[in-house]
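Coordinate analysis (summary)
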Amino acid sequence: MWCSSRGVRYWGFERTAQHMTATADPRPVAPEKPLPMDCCDSGCARCVSDIYADELAYYQTVLAAWEARQEDCGLSVLPN
C-alpha cells in the first residue's frame with residue numbers, strides 16, 4: 001500500500017485514501033477510564049488507576065503514529 005495523488009494503490013486496486021483509512025488503518029481506540037468505585041483502595045501493587053495510566057500513555061503513542069500516517073497520505077485528521 002502507498003499514497004498517491006489519486007488515491008492509494010492496494011492489492012492491485014485503486015481506492016481512495018479515505019476508504020483505505022477507514023478499513024485498513026482504523027483510528028486507535030482510547031482506553032476506558034476506570035470509575036472511582038473500580039479502585040478498592042487496598043494498596044494493590046498494580047492499581048486499576050496505574051493500569052489505566054499505562055494504557056493511556058500507550059494509546060497516545062499509537063495515536064500519534066496513526067496521525068502521522070494519515071498526514072503522510074495527505075488526509076486531514078479530525079479530533080475525536
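All values derive from a computational prediction rather than experimental measurement.

1. A closer look at the state of the cysteines
Scanning the model with the defined rule gives zero disulfides in all. In this structure Cys44 is a free cysteine whose sulfur lies 3.6 Å from that of Cys40, the closest cysteine sulfur available. The thiol of Cys47 is not disulfide-bonded; the next cysteine sulfur, from Cys39, is found 3.6 Å away. By relative accessible area, which is 15% here, Cys47 ends up buried.

2. Remarks on unusual backbone geometry
Trans is the common state for peptide bonds, and a negative phi is the common state for residues other than glycine. Phi at Asp41 takes a positive value of approximately 60°, unusual for a residue other than glycine. Looking at the secondary structure, you find Asp41 in the loop between α1 (17–24) and α2 (48–72). The exposed category is assigned to Asp41, whose relative accessible area is 70%.

3. Comments concerning the pattern of salt bridges
Enumeration over the complete set of coordinates arrives at two salt bridges. Between Asp25 and Arg69 there is a salt bridge, with the nearest N and O atoms lying 2.8 Å from each other. Here Asp25 is found in the loop between α1 and α2, whereas its partner Arg69 is found in helix α2, with 44 residues between them in sequence. Accessibility expressed as a relative area gives 17% for Asp25, which makes it buried.

Calculation notes
Residues numbered from 1 in each chain as written. Predicted model: local features only at pLDDT ≥ 70, side-chain atom pairs only at ≥ 80, totals over all residues. Heavy atoms only, no water. Disulfide = S-S within 2.5 Å. Buried < 20%, exposed > 50% of the residue type's maximum accessible area, 1.4 Å probe, protein only. Helix = DSSP H or I, 4+ residues; strand = E, 2+ residues; numbered from the N terminus. Salt bridge = Lys/Arg side-chain N within 4 Å of Asp/Glu carboxyl O.

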